[in-house]
Structure formats: C-alpha cells, structure tokens
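# Examination of the molecular architecture
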Amino acid sequence: MAENDKLVIAGREFNSRLMVGTGKYANYQQMVQALEASGAEIITVAVRRVNISDRNKESLLDYIDTKKYTLLPNTAGCYTAEDAIRTCRLAREAGLSDFVKLEVLGDEKTLFPDNEELLKAAAVLVKDGFTVLPYTSDDPIVCKRLEDLGCAAVMPLGAPIGSGLGIRNPFNIQIIMESVKVPVIVDAGVGTASDAAIAMELGCDGVLMNTAIAGAQNPVAMAEAMNLAVRAGRLAYLSGRIPRKLYATASSPLAGLVA
Ligand SMILES: CC(=O)[C@@H](O)[C@H](O)COP(=O)(O)O
C-alpha cells in the first residue's frame, strides 16, 4: 500500500512525506546525519543562510547533497511581500531552485504569517514561474485563495514556529483539506513524533518540521522517530481507523462460548 503512495507536488513525485529544515543543529555533521535518518527527500534552507553572493565562501549548501535531496529554499526572516519576492528571485538567479517555500511573517513574537503580504507575494511569484509552497495560518479561506492563485501546495501551521505545541486546531486542518485540492502540508509547531502521526492520520499530505528534530536531545534519533511516525500515520490514515464509540464492544466473539 505504502510503496505506490507518492506525494505529488506540481507533478514531481516524492516517496517521503516528511520535509525537514536545516537550522538550529549543533553542527553540520549532526545536521547531515539527521537529514539521512529522517528519510526526507525535500530539505528546506533559508536563503539568507546560503552565501549566494560568494559561493567560494563556506555555505550550508556545502554540506547538503543536492543530487540526493530536493532543495526548497525558504524566505525565512522576510516581513514584506517585496522582501520575499526579492529573496526568491535572488535564490533562483543563484541557481538554487524555483521551488520555494514562501514565508512572509507578521511579527517577531509569534512568527505568524502576514497573510495579506503572503497573498501579494504568492501572486507575483506564481506569475514569475515559481512553484510556490506558502507557509500560512490554519485558515481555510486563505488556503483556498492561495490555491486559486496557483500555489502548488498549502502549508498551514500546526502551531507557532519552534513552539512544539503540536496540532492546535485539527478541525481547521480538516476543513482546509476539504477546501483545497492541492497537497496540504502541516508546517511548524510539531513537538514530537505523535504530533507528526496525528497530522498524517488526519489525512494531511505531508509534514514539515525543524525544531522538533534539531532541538531534541538526540536529533538523529528523533529524525528517525519522525520518519517512522509520518509513515505510520500515513499508513493508519490509508487503512481507515475504526469509528469512535462511547461504549464497549467485546473483542472476543460470543459464538461457540462454552455453556
Ligand atoms: C524550517 C522552517 O521552514 C521553519 O520556518 C518551519 O516553519 C518549521 O517550524 P518548526 O521549527 O516549528 O518545525
């Protein structure tokens, strides 16, 4: 069942439904091992962390096997549409990718998305030929608008970036999945493996995370746990869970009972 189950984004097929970030690791070696253990195929990198003006200097990209992973440059740290658009164009000119994770943040305390600026940036970038994966709030209306603009997926937050609170509003995520046809990828707020499994059991197409892995006491082991959780959650979703009931049903059949 799981073998033929691919994640498809803008016509590109992926076996893994887990996407991981590259920030907050103790060192590059630890990051490389965690990426490997996660089984992820899509790796997101903050454009501002890549030395795009001088590729002769040490860069995060020196440590990532770009033949093995699909790079998803992100616009972390951008607070206006203009800034995010410029960042994506710079990334593309530097040969990074035109597959982008669009982040336009509203404030430094919550790091919640500024959806007005996000919609503006998405419209321009889609017209510019980018494949846009926007990080957004868990708002079905905004997700639908992003889809209508031509975004290749929507990435509603589970909880604030780095909070580890898990999926705070599973009902909104469910409505988003009913509202759009593009893949729904929960991005941000995952704290531990069960959060990732819940996202997948809800029927999400994928999960993107960074802090839960990089900030764990053993990031490489946590990356493996996330790999298993995303696969287990997906398999459980495809298998069809039993309905919840208030009262008991005996597990042992009564037929053939010794009188
Ligand atoms: C790496 C990245 O793109 C983050 O901005 C992302 O939203 C992940 O959030 P967490 O660190 O909460 O997993």
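Residues numbered from 1 in each chain as written. Predicted model: local features only at pLDDT ≥ 70, side-chain atom pairs only at ≥ 80, totals over all residues. Heavy atoms only, no water.

Convention followed: UniProt positions are given in the numbering used here, feature names are shortened, and annotations may be inferred rather than shown by experiment.
Per an unreviewed UniProt entry, the recorded name for the chain is Thiazole synthase, and the organism is Geomesophilobacter sediminis. Under the heading Function (unreviewed entry), UniProt records this for the chain: "Catalyzes the rearrangement of 1-deoxy-D-xylulose 5-phosphate (DXP) to produce the thiazole phosphate moiety of thiamine. Sulfur is provided by the thiocarboxylate moiety of the carrier protein ThiS. In vitro, sulfur can be provided by H(2)S." Per UniProt, the chain has the following entry under Subunit (unreviewed entry): "Homotetramer. Forms heterodimers with either ThiH or ThiS."

### Some remarks on the pairing of strand S3 (residues 18–21)
Here is the rule: For the exposure calls, accessible area comes from a 1.4 Å probe over protein chains only, and a residue counts as buried if that area is under 20% of its type's maximum, exposed if over 50%, partly exposed in between. Runs of H or I in DSSP of at least four residues are treated as helices and runs of E of at least two as strands, each being numbered from the N terminus. A pair of strands counts as paired when DSSP detects no fewer than two bridges linking them. For the handedness criterion, the strands are oriented away from the viewer, and a crossover whose path from the first strand over the helix to the second runs clockwise is classed as right-handed.
The alternating pattern of S3 places Leu-18 and Val-20 on one face and Met-19 and Gly-21 on the opposite face, and all of these are buried. Across three bridges, S3 lies against strand S4 (residues 42–46) in parallel orientation. Within S4, the residue paired with Gly-21 across the bridge is Thr-44. Remark: the S3/helix H1 (residues 28–38)/S4 crossover connection has right-handed handedness.

### Brief notes about the packing of H1 against helix H8 (residues 219–239)
The criterion, for reference: Interaxial angles span 0 to 180 degrees and are taken between N-to-C directions of axes, which are lines fitted to C-alpha atoms, for helices over the stretch in contact. Oblique is the label for any angle not under 35 degrees, not over 145, and not in the 65 to 115 range, which are roughly parallel, roughly antiparallel and roughly perpendicular in turn. With the far helix as reference, a near helix turned anticlockwise by less than a right angle produces a left-handed crossing, and one turned clockwise produces a right-handed crossing. Any two residues having at least one pair of non-hydrogen atoms within 4.5 Å are treated as being in contact.
One can describe the packing of H1 onto H8 by two numbers: an axis separation of 7 Å at closest approach and a directional angle of 20°. Between H1 and H8, the angle falls in the class roughly parallel. As H1 packs across H8, the resulting crossing turns out to be right-handed. For the pair H1 and H8, the contacting residues are Gln-30, Gln-33, Ala-34, Ala-37 and Ser-38 in the first and Pro-219, Val-220, Ala-223, Glu-224 and Asn-227 in the second.

### A word on the packing of aromatic side chains
Ring pairs (aromatic) are described by centroid distance and by the angle formed between their planes. Using the following cut-off: To pair, rings of Phe, Tyr and Trp, with the six-membered ring standing in for Trp, must have centres within 6.5 Å; the planes then decide the type, stacked if under 30 degrees apart, edge-to-face if over 60, and tilted in the middle. Both a distance and an angle decide whether a charge sits over a ring: NZ of Lys or CZ of Arg must be within 6 Å of the ring centre and within 35 degrees of the ring normal.
Scanning the model with the defined rule gives two aromatic pairs in all. With centroids separated by 6.4 Å and ring planes inclined at 35°, the aromatic side chains of Phe-14 and Phe-99 adopt a geometry described as tilted. Of this pair, Phe-14 sits in strand S2 (residues 12–14) while Phe-99 sits in strand S6 (residues 99–102), placing them 85 residues apart in sequence. Residue class for Phe-99 comes out buried when judged on its relative accessible area of 1%. One Lys or Arg, Arg-12, reaches over the ring of Phe-99 and ends 4.7 Å from the middle of that ring. Here the basic side chain of Arg-92 rests over the ring of Phe-130, its NZ or CZ set 3.9 Å away from the ring centre.

### A word on the site of the ligand
Stated precisely, the cut-off is as follows: Note on terminology: near, applied to a residue and a molecule or strand, indicates that one of the residue's heavy atoms is within 4 Å of it. Polar contacts, as counted here, are pairs of nitrogen or oxygen atoms within 3.5 Å of one another; within protein the pair requires one atom able to donate a hydrogen and one able to accept it, and residues that are adjacent in sequence qualify only if both atoms are side-chain atoms. Values of accessible area rely on a 1.4 Å probe in the Shrake-Rupley scheme; residue burial ignores everything except the protein chains shown. For each structure, a 1 Å grid was placed over the protein atoms alone; sets of points admitting a 1.4 Å probe that cannot get out are labelled cavities, open sets with protein on both sides within 12 Å along at least five of seven lines are labelled pockets, and lining residues have an atom within 4 Å of a point. For a molecule to be placed in a cavity or pocket, more than half of its atoms must lie within 2 Å of the grid points of that cavity or pocket.
Taken together, 13 residues sit near the ligand, with Lys-101, Gly-162, Asp-187, Asn-210 and Thr-211 positioned nearest. Note that an oxygen atom of the ligand is positioned 2.4 Å from one of the side-chain N or O atoms of Lys-101. With respect to the ligand, the backbone of Asn-210 contributes an N or O atom lying 2.8 Å from an oxygen atom. Coverage of the ligand by the protein chains reaches 92% of its 360 Å² of free accessible surface. If you map the ligand onto the pockets, it falls in the largest pocket.

### Looking at the layout of surface pockets
Worth spelling out the cut-off: Grid points are joined across faces, edges and corners, and a volume is the space filled by probe spheres set on the points.
Here the largest pocket defines a volume of roughly 530 Å³. Every residue lining the largest pocket is counted, 28 residues in all, and those nearest its centre are Lys-24, Ala-76, Glu-103, Ile-161 and Asn-210. By residue number, the principal contributor to the lining of the largest pocket is S4, which donates three residues.

### Focus on the UniProt feature "active site" (unreviewed entry) in the chain
Taken from the UniProt record, the annotation "active site" (unreviewed entry) applies to Lys-101. Position of Lys-101 relative to the elements: it lies in strand S6. Setting aside anything within four residues of it in sequence, one finds Lys-101 in contact with Thr-44, Leu-72, Pro-73, Asn-74, Thr-75, Leu-133, Tyr-135, Met-155, Asp-187 and Leu-208.

### Some details on the environment of Leu-202
Position of Leu-202 among the secondary structure elements: in helix H6 (residues 193–202). Remark: the alpha-carbon pair of Leu-202 and Arg-234, spanning 32 residues in sequence, is separated by 8.7 Å. Not counting chain neighbours up to four residues away, the residues in contact with Leu-202 comprise Ile-167, Pro-170, Ile-173, Gln-174, Met-177 and Tyr-237.

### Some points on unusual backbone geometry
Despite not being glycine, Ala-10 shows a phi value in the positive range, around 50°. You can see Ala-10 is positioned in the loop between strand S1 (7–9) and S2. With a phi angle near 95°, Ala-188 is a residue other than glycine that sits in the positive phi range. Its location among the elements puts Ala-188 in the loop between strand S9 (185–187) and H6.

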